[in-house]
Amino acid sequence: MKKSCIIIISLFFMMLLTTNVKGDEQQKSLIIIVAPDFSFEEAEWLLENGDPNVWRKAGFSALNVRPEGSYSYLSNTVSLSSGIRGVGVDQWNAFEKGEYIDGRAVEELLLQWTGAYPQDSLLHPYLHKLIEKNNSTTFRAPIGFLGETLKQEGITRYVLGNSDLSEEERVRYASLFAMDKKGEVEGELTKVVEVDAAAPAGLSMNSELLLEEIRVVEGESDRSFIVVEWGDFHRLFSNKDMMTSNHFGKRYENSLFSFEQFIQSLVDNGSRHVMVVAPMMHSGAYKEKKQLSPFYYWDTALQHPFELYSQTTKQRYIISNADIVPTILSTFSIKVPPSLPGTPLHQSEITVGYYNHDEVVENVNWVFKIYSTRSVILSSYITLLVLMLISVGILIWRKKTNPRWLNAGKIILLAAVSSPIWYLFLSKVLLYVHSGYYFWLLTLLSILVAWILLKFTKCPLVVLGAIQFTVITIDLWMGSPLMQRSYLGYDPIIGARYYGIGNEYAGVYMISGLLMLIPFWKASKRTFLIVTTILFGFLIYMLGSSHLGTNAGATLSAAIAWGFIAVKHSSLMKKWKIWLPILLVAIPVFSLILLFLLQINGKPTHIGYAFERILSGDFSYMLDVIKRKLQMNWKIFKFSNWTQLFVTSYILMGIILWRQKNWIKNEREKDILQAMLVTSVALLLLNDSGVVAAATSMFLIVATSYYWLLEEKATSV
């Protein structure tokens with residue numbers, strides 16, 4: 001009897017465990033809706049006019065969709081679906097059996113081009129061309145990786161819908177998310193899109209049929225990944241120029257409400273995860289520089305709204321296109337491979353009230369404003385700095401100069417040196433004033449502070465250096481909130497950097513630190529070396545740590561500059577055959593080791609990712625990084641406004657060193673100037689935006705040199 005009871009109880013618990021596992025598997029249904037031409041303008045409209053029970057319950061963020069080359073729906077989708085920046089290929093599309101390309105059957109073309117075609121799948125005749133093109137790029141996006149991984153895990157993949165504009169103009173890119181490496185995935189591209197004479201392009205999504213197809217796929221599999229290409233927005237905006245404004249407005253609202261109803265039908269089912277991804281904003285938003293896309297995520301297992309956070313960007317409200325594939329994999333509890341640079345999105349549950357989506361929109365509009373006005377502001381700023389350097393240079397080379405003009409020159413130089421700090425302090429002001437007023441406010445404040453420092457301090461350059469060094473240090477400790485929204489900071493739309501210290505402020509930070517060494521001009525060689533070592537040790541930690549600066553080029557530059565000072569103050573200086581190899585080989589190697597150690601115990605960063613790839617034996621990745629850095633520097637040199645400041649500063653510094661060979665008589669001041677020059681050159685050679693870092697650092701060096709020359713000239717008047 002006891003044995004029978006034990007057996008019955010054991011079977012009962014096994015049934016419970018089996019039921020629980022089955023329930024968990026049933027909850028692993030992920031539907032991703034790919035909505036081309038859906039922008040933040042539409043997201044903002046839905047927040048104001050749509051159903052809050054739909055939109056405000058979702059995780060909501062701005063998505064950087066920047067691909068390898070120029071923005072396009074195809075290239076952006078390649079990047080999003082592969083987890084690495086990619087690029088599209090001409091004539092790419094997905095096809096169903098029985099369709100034709102220029103009068104030829106797709107099946108026959110696939111057979112002629114590749115020797116075979118999948119029997120039970122959508123057809124991708126240009127797959128081999130897409131793979132070849134991406135293998136030739138520096139990022140090498142792994143086409144079909146996501147679908148292949150899901151297939152190996154036994155997850156059903158299915159694709160529905162299209163963004164076709166006509167029978168001849170097919171637009172079907174969503175299958176990139178689900179196809180495997182052979183281009184195989186099942187789906188219905190045209191069945192769920194109905195002919196509607198009143199709709200833009202005469203086609204519209206059939207929501208009821210879509211929901212029916214989704215239920216069928218989910219019913220046949222415990223775990224499913226369904227991709228829906230919602231093409232109504234793409235068709236609407238493609239026909240906008242041919243529509244009357246009133247009719248467009250009506251169709252616009254109808255399209256948004258239809259989209260909302262479809263989303264609501266999906267999220268009302270508690271066993272689904274639902275994502276909305278907009279690979280490309282419509283052309284109007286793109287031209288207005290609103291080049292981030294809205295991203296929504298409904299995790300129906302959560303009872304409260306939640307905030308999305310990306311370890312890739314380390315910013316609130318901003319996520320990367322590299323995060324989408326890891327997030328999809330993590331939804332199915334699949335381990336993210338180390339070859340992917342992105343990380344799964346973290347969900348922070350909010351227990352009180354709804355997540356404030358208006359705050360997301362406000363911050364994203366702030367990003368849009370900075371991006372749209374950045375070119376004008378920076379070009380004006382850089383031109384002003386160049387004119388200032390040339391004007392003060394003329395003032396210095398004149399034989400006789402009025403003392404008032406010398407003081408005016410000092411004020412202008414101090415104002416220019418202090419200007420980077422105002423780009424931090426006034427970052428929030430841009431939300432409330434026009435960009436033109438912002439620029440002149442910054443200029444006037446710089447001049448006012450320069451006048452105060454010159455009048456009331458003995459060493460204004462030292463004070464400015466200390467202030468800028470301290471403010472940047474505090475900002476880095478706080479997670480760079482000021483730098484993230486500064487014209488001299490990094491732009492999340494460009495996407496080259498999302499956190500840490502950017503190249504603009506890296507040069508400012510290092511030169512500001514060196515300015516603090518000026519009071520030690522009477523110090524002994526030993527004391528000066530100790531102080532310099534402490535300063536550079538702090539700089540290396542702040543610039544290289546995974547939770548602070550995370551700027552590899554700046555960290556290596558700081559280590560090299562310190563190495564130069566250390567070697568110069570050692571007995572090896574007299575034996576150049578010994579110290580030159582040390583400077584060129586040992587110090588860079590030691591710097592790399594330091595940088596690696598600073599990445600070990602922190603959160604994932606792009607530097608840690610690079611070390612991981614290299615240590616795994618992927619040396620081609622290192623070569624790709626070097627190639628990409630050289631290409632970026634050359635591109636910046638050819639097209640960026642920073643080139644004006646870079647060229648002017650380096651030429652003027654050369655003139656100063658040529659014409660004023662003995663203008664610095666104190667040995668410690670020579671050490672400081674030489675350390676500054678080594679820092680600037682190292683920043684140029686080691687940073688991916690080295691021209692920018694070299695321009696800001698050399699500009700400060702020239703301004704400092706000019707100030708010393710004006711002081712010397714004032715004593716001789």
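## What to know about the overall build of the chain
Alright, step 1. From N to C terminus, the chain includes 25 helices and 14 strands.
Alright, step 2. Every one of the 717 residues in the chain was classed for burial, and the buried ones make up 56%.
Alright, step 3. Across the chain, contacts joining residues at least 24 apart in sequence account for 75% of those joining residues at least 6 apart.
Alright, step 4. Just so you have it, the chain exposes about 31,800 Å², and 60% of that area is on carbon and sulfur atoms.

## Let's talk about empty space enclosed by the protein
If a probe as big as a water molecule is rolled over the atoms, it shows which places are left empty.
Alright, step 1. Applying the stated criterion to the full structure yields two cavities of 30 Å³ or more.
Alright, step 2. Considered as a void within the structure, the largest cavity measures approximately 60 Å³ in volume.
Alright, step 3. Tyr381, Leu385, Pro420, Leu488, Val508, Trp642, Leu645, Thr696, Phe699 and Leu700 together form the lining of the largest cavity.
Alright, step 4. Listed by contribution, the elements that provide at least two residues to the lining of the largest cavity are α13 (357-397), α23 (642-659) and α25 (690-716).
Alright, step 5. If you tally residues by element for the lining of the largest cavity, the top one is α25, at three residues.
Alright, step 6. When grouped by side-chain class, the residues that make up the lining of the largest cavity number nine nonpolar, one polar and no charged.

## A closer look at the pairing of strand β9 (residues 224-230)
Alright, step 1. Where burial is concerned, most of β9 is hidden: seven out of the seven residues are buried.
Alright, step 2. Of the two faces of β9, the one carrying Ser224, Ile226, Val228 and Trp230 and the one carrying Phe225, Val227 and Glu229 are both buried.
Alright, step 3. Taken together, the six bridges between strand β1 (residues 29-34) and β9 define a ladder with parallel strand orientation. Each bridged residue has a counterpart across the sheet, and for valine 34 the counterpart in β9 is glutamate 229.
Alright, step 4. Where strand β5 (residues 156-162) and β9 come together, seven bridges link them in parallel fashion. Bridged to glycine 161 within β9 is glutamate 229.

## Digging into the nonpolar core
The tendency in soluble globular proteins is for nonpolar side chains to be buried side by side.
Alright, step 1. The biggest cluster of nonpolar side chains holds 117 residues, and the ones touching the most others in it are Ile33, Trp92, Phe225, Phe259, Phe295 and Trp298.
Alright, step 2. It is helix α10 (residues 245-267) that provides the largest number of residues to this core, a total of eight residues.
Alright, step 3. Beyond its immediate sequence surroundings of up to four residues, phenylalanine 225 is in contact with Leu30, Ile32, Leu146, Leu150, Ile155, Thr156, Arg157, Tyr158, Phe177, Ala178, Ile328 and Phe332.

## Let's talk about the side chain of arginine 223
Alright, step 1. Structurally, the position occupied by arginine 223 is in the loop between α8 (207-219) and β9.
Alright, step 2. Comment: no salt bridge for buried arginine 223; closest opposite-charge side chain is glutamate 153, at 4.4 Å.
Alright, step 3. Engagement of the side chain of arginine 223 in a polar contact is seen with the backbone oxygen of glutamate 153, the distance being 2.7 Å.

## Some remarks on the sheet that holds β9
Alright, step 1. With mixed pairing, the eight strands of this open sheet are ordered in space as β6-β5-β9-β1-β10-β11-β2-β13. Here the strands that pair on one side only, and so sit at the sheet edges, are β6 (186-188) and β13 (318-320). If you compare each strand with its neighbour and ignore which way they point, the axes differ by 25° on average.
Alright, step 2. Alignment of β5 against β6, held across three bridges, turns out to be parallel. Considered in β6, the bridge of tyrosine 158 is made with glutamate 186.

## Here we look at a nonpolar patch on the surface
Alright, step 1. Together, Val585, Val589, Ile593, Phe596, Leu597 and Ile600 line one region of the surface with nonpolar side chains, adding up to about 520 Å² of accessible area.
Alright, step 2. Look at phenylalanine 596 and you get partly exposed, because its relative accessible area is 31%.

## Focus: the packing of α13 against helix α14 (residues 403-425)
Alright, step 1. At a minimum axis distance of 10 Å, the contact between α13 and α14 shows a crossing angle of 155°. With respect to each other, α13 and α14 are oriented roughly antiparallel. Crossing handedness for the pair α13 and α14: left-handed. Contact residues: α13 offers Ile377, Tyr381, Leu385, Met388, Val392 and Leu395, while α14 offers Trp405, Leu406, Gly409, Ile412, Leu413, Ala416, Ser419, Pro420 and Tyr423.

## Comments concerning the confidence of the model for the chain
Alright, step 1. On average, residues of the chain carry a pLDDT of 85, and 87% of them reach 70 or more.
Alright, step 2. Low pLDDT (under 50) marks residues 1-27, which in the prediction has seven contacts with non-local residues, meaning those over four places away or in another chain.

## Describing helix α7 (residues 145-152)
Alright, step 1. Burial within α7 is extensive, with six of its eight residues counted as buried.
Alright, step 2. Within α7 the residues assigned to the buried category are Phe145, Leu146, Gly147, Glu148, Thr149 and Leu150.
Alright, step 3. Taken together, the buried residues of α7 touch α4 (73-82), β5, β9 and α12 (324-331).
Alright, step 4. Taken from the residues just after α7, glycine 154 is the one with a positive phi, measuring 75°.

## Brief notes about the environment of tyrosine 71
Alright, step 1. Within the secondary structure layout, tyrosine 71 lies in the loop between β2 (59-64) and α4.
Alright, step 2. If we ignore the near neighbours within four places in the chain, the residues touching tyrosine 71 are Val65, Arg66, Asn76, Met280, Tyr286, Gln291 and Ile493.

## Structural notes on unusual backbone geometry
Alright, step 1. Even without being a glycine, arginine 140 presents a positive backbone phi close to 60°.
Alright, step 2. In this structure arginine 140 comes out as partly exposed when scored by relative accessible area, which is 37%.

## Observations concerning the packing of aromatic side chains
Alright, step 1. Using the criterion set out here, one finds 32 aromatic pairs in the structure.
Alright, step 2. Aromatic side chains tryptophan 45 and tyrosine 252 sit 6.3 Å apart centroid to centroid with 80° between the ring planes, which places their arrangement in the edge-to-face category. Taken as a pair, tryptophan 45 in helix α2 (residues 40-49) and tyrosine 252 in helix α10 lie far apart in primary sequence, 207 residues in all.
Alright, step 3. Among the residues examined, tryptophan 45 registers a relative accessible area of 16% and is labelled buried.
Alright, step 4. A network of ring pairs unites the aromatic residues Phe38, Phe40, Trp55, Phe60, Trp230, Phe233, Phe259, Phe262, Tyr296, Trp298 and Phe368 as a single cluster.
Alright, step 5. One residue, lysine 314, lies across the ring of tyrosine 499, its end atom 4.4 Å from the ring centre.
Alright, step 6. The positively charged end of lysine 410 is found above the aromatic ring belonging to tyrosine 707, 5.8 Å away from the centroid.

## Regarding the packing of α14 against helix α16 (residues 460-477)
Alright, step 1. Contact pair α14 / α16: the axes reach a minimum separation of 10 Å and the direction vectors enclose 20°. For the element pair α14 / α16, the angle class is roughly parallel. Every pair of crossing elements has a handedness; the one defined by α14 and α16 is left-handed. Across the interface between the two elements, Leu414, Val417, Ser418, Pro420, Ile421, Leu424 and Phe425 from α14 touch Pro460, Leu461, Leu464, Ile467, Gln468, Val471, Ile472 and Asp475 from α16.
Alright, step 2. Considering only residue class, the contact of α14 with α16 consists of twelve nonpolar, two polar and one charged.

Procedures and definitions
Residues numbered from 1 in each chain as written. Predicted model: local features only at pLDDT ≥ 70, side-chain atom pairs only at ≥ 80, totals over all residues. Heavy atoms only, no water. Helix = DSSP H or I, 4+ residues; strand = E, 2+ residues; numbered from the N terminus. Buried < 20%, exposed > 50% of the residue type's maximum accessible area, 1.4 Å probe, protein only. Contact = heavy atoms within 4.5 Å. Areas by Shrake-Rupley, 256 points an atom, 1.4 Å probe, with all protein chains shown as cover. 1 Å grid on protein atoms, 1.4 Å probe; cavity = no way out; pocket = protein on both sides within 12 Å on 5 of 7 lines; lining within 4 Å. Points joined across faces, edges and corners; volume = space filled by probe spheres on them. Nonpolar A, V, L, I, M, F, W, Y, C, P; charged D, E, K, R; others polar. Pairing = 2+ DSSP bridges. Core = buried A, V, L, I, M, F, W, Y, C linked by side-chain atoms within 4.5 Å. Lys, Arg positive; Asp, Glu negative; His and termini not counted. Salt bridge = Lys/Arg side-chain N within 4 Å of Asp/Glu carboxyl O. Polar contact = N/O pair within 3.5 Å; in protein donor to acceptor, adjacent residues only side chain to side chain. Axes fitted to C-alpha atoms, helices over the stretch in contact; angles between N-to-C directions. Patch = residues over 30% accessible without salt bridge, like charges linked within 9 Å, V, L, I, M, F, W, Y side chains within 5 Å. Parallel < 35°, antiparallel > 145°, perpendicular 65-115°, else oblique. Left-handed = near helix turned anticlockwise from the far one by under 90°. pLDDT = per-residue confidence, 0-100. Phe/Tyr/Trp six-rings, centres within 6.5 Å; stacked < 30°, edge-to-face > 60°. Lys NZ or Arg CZ within 6 Å of the ring centre and 35° of its normal.

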